[in-house]
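Below, each chain spelled out in residue letters.
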Amino acid sequence: VQLQASGGGLVQPGGSLRLSCAASGKIFSIDNMGWYRQAPGKQRELVALIHSGGTNYAASVKGRFTISRAENTVILQMNSLKPEDTAVYYCNVNYRTTLLGTRSSSWGPGTQVTVSS
């Protein structure tokens, strides 16, 4: 399964960006899709996750970011961006290739988001 992400870039503080990530390949079902980010010198952290039970957000983005999903595409709408949101953003999908198959995980290549004036 391959992931292709788009939508990163440079934005001023207070601005908005929309990240999109499409999964392609042999997918029977998706357990969850999410966005993670990694800033320089820091560990990769969960930003937002969407699954059958709903959504989860990091405390630092709650109320500003919204994750949604349409088929095999996951979207992250980022509003009121702050300089501390600057990072490489990675999409992730956890999926199964058959009804009773084990869960597999794939990562996108990462897209840079820079928030700066």
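Calculation notes
- Residue numbers restart at each chain and count upward from 1, following the sequence in its written direction.
- Two thresholds apply to this predicted model, a pLDDT of at least 70 for residue-level local features and 80 or more for giving and counting side-chain atom pairs, whereas whole-chain, interface and lining totals are computed over all residues.
- Excluding hydrogens and water, the side-chain figures rest on all heavy atoms present in the structure.
- Relative accessibility under 20% of the residue-type maximum defines a buried residue, over 50% an exposed one, and the middle range a partly exposed one, all with a 1.4 Å probe and only protein chains included.
- To qualify as a helix, a DSSP run of H or I must reach at least 4 residues; to qualify as a strand, a run of E must reach at least 2; elements of each kind are numbered from the N terminus.
- Whether two strands pair comes down to DSSP finding at least two bridges between them.
- The term disulfide is used for any two cysteine sulfur atoms that are within 2.5 Å.
- By definition, a salt bridge exists where a carboxyl oxygen of Asp or Glu is found within 4 Å of a side-chain nitrogen of Lys or Arg.
- Remark: nonpolar core denotes a set of buried residues (Ala, Val, Leu, Ile, Met, Phe, Trp, Tyr, Cys) joined through side-chain atoms within 4.5 Å.
- In what follows, a contact means two residues having at least one pair of non-hydrogen atoms within 4.5 Å.

Asker: For the pairing of strand 11 (residues 111–115), give the residues involved together with the corresponding values.
Answerer: Where burial is concerned, the two faces of strand 11 differ: the one with T111, V113 and V115 is buried and the one with Q112 and T114 is not. Here strand 2 (residues 9–11) runs beside strand 11; their pairing, made up of three bridges, is parallel. Residue pairing in the sheet places V11 in a bridge with V115 of strand 11. Inspection of the sheet shows strand 9 (residues 87–96) paired to strand 11 by three bridges, in the antiparallel sense. Paired with A87 across the two strands is V113, which belongs to strand 11.

Asker: Outline the state of the cysteines, supporting the account with residue identities and numerical values.
Answerer: For the coordinates displayed, the defined rule picks out one disulfide. Here C21 connects covalently by a disulfide to C91, the sulfurs 2.0 Å from one another. The disulfide joining C21 to C91 has a torsion of about 50° about its S-S bond and is therefore right-handed. Of the two residues, C21 sits in strand 3 (residues 17–24) while C91 sits in strand 9, which places them 70 residues apart along the sequence. Each member of the pair, C21 as well as C91, is classed as buried.

Asker: Describe the pairing of strand 4 (residues 29–38), listing the residues and the values that go with them.
Answerer: Counted residue by residue, strand 4 has seven buried out of ten residues, so it is predominantly covered. Both strand 4 and strand 9 contribute to a ladder of nine bridges, which runs antiparallel. The partner of G34 across the bridge, within strand 9, is N92. Taken together, the six bridges between strand 4 and strand 5 (residues 45–51) define a ladder with antiparallel strand orientation. Opposite W35, over in strand 5, you have A48 as the bridge partner. Taking the residues that link successive antiparallel strands as the turn, the strand 4-strand 5 hairpin has six residues, and the phi of G41 there is positive, at about 80°.

Asker: Explain the pattern of salt bridges to me, and be specific about the residues and the numbers.
Answerer: For the structure on display, the rule yields five salt bridges. Salt-bridge contacts for R37 lead to D85; the nearest nitrogen and oxygen are separated by 3.0 Å. With R37 in strand 4 and D85 in the loop between strand 8 (73–78) and strand 9, this pair connects stretches of sequence that are 48 residues apart. Here R37 and D85 have matching classes, each one buried. What you see here is one network of salt bridges that share partners, running through R37, E45, R64 and D85.

Asker: Run through unusual backbone geometry, naming residues and quoting values.
Answerer: The bulk of non-glycine residues show a negative phi, and the bulk of peptide bonds are trans. Positive phi, normally seen in glycine, also occurs at E71, with a value near 55°. Residue placement: E71 occurs in the loop between strand 7 (65–70) and strand 8. The backbone of S80 sits at a positive phi, close to 50°, despite the residue not being glycine. Residue position: S80 is located in the loop between strand 8 and strand 9.

Asker: I'd love a proper account of the nonpolar core, names of residues and values included.
Answerer: Core analysis: the largest hydrophobic core is formed by 28 residues, its most contacted members being W35, V47, F65, V74, L76, M78 and Y89. Elements represented by at least two residues in this core include exactly strand 3, strand 4, strand 5, strand 7, strand 8, strand 9 and strand 11. With five residues, the single largest contributor to this core is strand 9. Contact partners of M78, with chain neighbours within four places excluded, come to G15, S16, L17, L19, R64, F65, Y89 and V113.

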